[in-house]
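Coordinate analysis (summary)
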Amino acid sequence: MRFLSKIARRTAGALTRNLRPYDMQRLTKTLVDRARPDSEQHDFRCPLCNYQGRFAPIFGSDAIRFSSECPECHSRERHRFLKLWMDGDPRCQSFGRFLHFAPEPVLSKELIPKCRQYQTADIEPGRADLVLNIEELALESQSVDAVMANHVLEHVNDGKALPELLRVLRPGGFAILTTPVIYAWAESYENAAVHGTSQQHLHFGQGDHVRIFGADLEDRIRAAGFQLETVCADGAMAARYATIRGDMIYVATRPPG
Ligand SMILES: [Zn+2]
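Our subject in this report is the structure included herewith. Sequence positions are assigned chain by chain, starting from 1 and proceeding in written order. In keeping with the model being predicted, local features are shown solely for residues with a pLDDT of at least 70 and side-chain atom pairs are shown and tallied solely at 80 or more, while totals for entire chains, interfaces and linings include all residues.

1. Section: the overall build of the chain
Only DSSP runs of H or I with at least four residues qualify as helices, and only runs of E with at least two residues qualify as strands; both kinds are numbered from the N terminus onward. Across its full length, the chain carries eight helices and 11 strands. Any residue with 12 or fewer other C-beta atoms within 10 Å of its own C-beta is exposed, any with 20 or more is buried, and the rest are partly exposed; the C-beta atoms used are placed from the backbone. Looking at the chain as a whole, 29% of its 257 residues are labelled buried. For every residue pair, C-beta atoms are placed from the backbone, and the pair is scored as a contact if these atoms sit within 7 Å. Across the chain, every contact between residues at least 6 apart in sequence was considered, and the portion connecting residues at least 24 apart equals 58%.

2. Some words on unusual backbone geometry
In the Ramachandran plot, A102 falls in the positive-phi region, its phi being about 45° despite a non-glycine side chain. Relative to the assigned elements, A102 resides in the loop between strand 5 (95–101) and helix 4 (105–111). Even without being a glycine, H151 presents a positive backbone phi close to 55°. For H151, the location among the structural elements is in the loop between strand 8 (144–150) and helix 5 (158–168).

3. Some words on the sheet that holds strand 7 (residues 130–131)
Overall, mixed pairing links the seven strands, which are arranged 7-6-5-8-9-11-10 in an open sheet. Each having just a single partner strand, strand 7 and strand 10 (227–232) make up the two edges of the open sheet. Summarising the sheet, strand 9 (residues 169–178) and strand 11 (residues 248–253) pair through four bridges and their orientation is antiparallel. By the bridge assignment for strand 11, I176 is matched with V251. The axes are straight lines fitted to the C-alpha atoms, using for helices just the contacting stretch, and the angles between their N-to-C directions are given from 0 to 180°. Here helix 3 (residues 77–88) sits on the sheet in contact with strand 8, strand 9, strand 10 and strand 11, set at roughly 50° to strand 11. Of the strands in this sheet, strand 8 and strand 9 are in contact with helix 5, which crosses strand 9 at around 140°. Here, any two strands with at least 2 DSSP bridges between them count as paired.

4. A look at the pairing of strand 5
Taken across its seven residues, strand 5 has five buried, putting it largely inside the fold. A crossover connection joins strand 5 to the parallel strand 6 (residues 115–122) through helix 4; in handedness this β-α-β unit is right-handed. Bridge count between strand 5 and strand 8: four bridges; the pairing is parallel. Residue pairing across strands places H100 opposite M148, the latter belonging to strand 8. Whether a crossover is right-handed depends on one test, that the path from the first strand over the helix to the second runs clockwise when the strands point away from the viewer.

5. A short note on the environment of T120
With respect to the helices and strands, the residue T120 is situated in strand 6. In sequence terms T120 and L99 are 21 residues apart; their C-alpha atoms lie 5.7 Å from each other. Beyond its immediate sequence surroundings of up to four residues, T120 is in contact with H100, P103, S108, A128 and D129.

6. Side note on the pairing of strand 4 (residues 64–69)
Two strands pair when backbone bridges link them, and strand 3 (residues 56–59) and strand 4 are joined in this way by three bridges, in the antiparallel orientation. If you follow F59 over to strand 4, its bridge partner there is I64.

7. Details of the nonpolar core
With 49 residues, the main nonpolar core has V147, A149 and A175 as its most contacted residues. The residues contacting A149, other than those within four sequence positions of it, are F101, A102, I134, A175 and L177. Definition of nonpolar core: a set of buried Ala, Val, Leu, Ile, Met, Phe, Trp, Tyr and Cys residues joined via C-beta atoms within 7 Å.

Listed below in structure tokens is the structure:
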């Protein structure tokens, strides 16, 4: 118990250290309102583990996301959205060689039985099967059937990463991509003067992000040579599975032949 209360004190300290008294009042009111066992709280379904019930809040980098995490399998909103989309798409019932960047365990478990060869990849040694830099892939051209890279593109130079993904995919192969996007912006926000964790957090919403994509993300994917399909998470899905309304999946296919 002493250990738990220490964690709770530290977490509260980290959350509130930089808040003014007025912000503290508002935060406290919000937390109390949200914690009330009334219409703010709902039972959701997890398509990954079939859990049904309440989901847990997540302290994101710049916001608290209520009903985000499945308490059973720890899936978050985008994992459930991807699972629901894959279940309904004939191309995702079985894969040949599948490459999963920055792999999320809850999705690995889902993908492994569907793949003839499933490999994970990360730029950091020890985190995945292959140590790969997505901007410069040490892989043969046309050697991969499908790729998944969730919330990777906002960390890297997409002008290098997207052509590399196209190169290693077989004709007709596809990349499943997700990333934060602000569609009200025609152009992505990049700023060459921004360096370092604190400035990147301030400008791009997280200390290791290098931009926030705007609506031109779609043009950037097409410009690399892909055919692009987009899938958008709708309101009914959010109400049942606690996905994020308007969340997007980008299915970038290397043109066949
Ligand atoms: Zn679950």
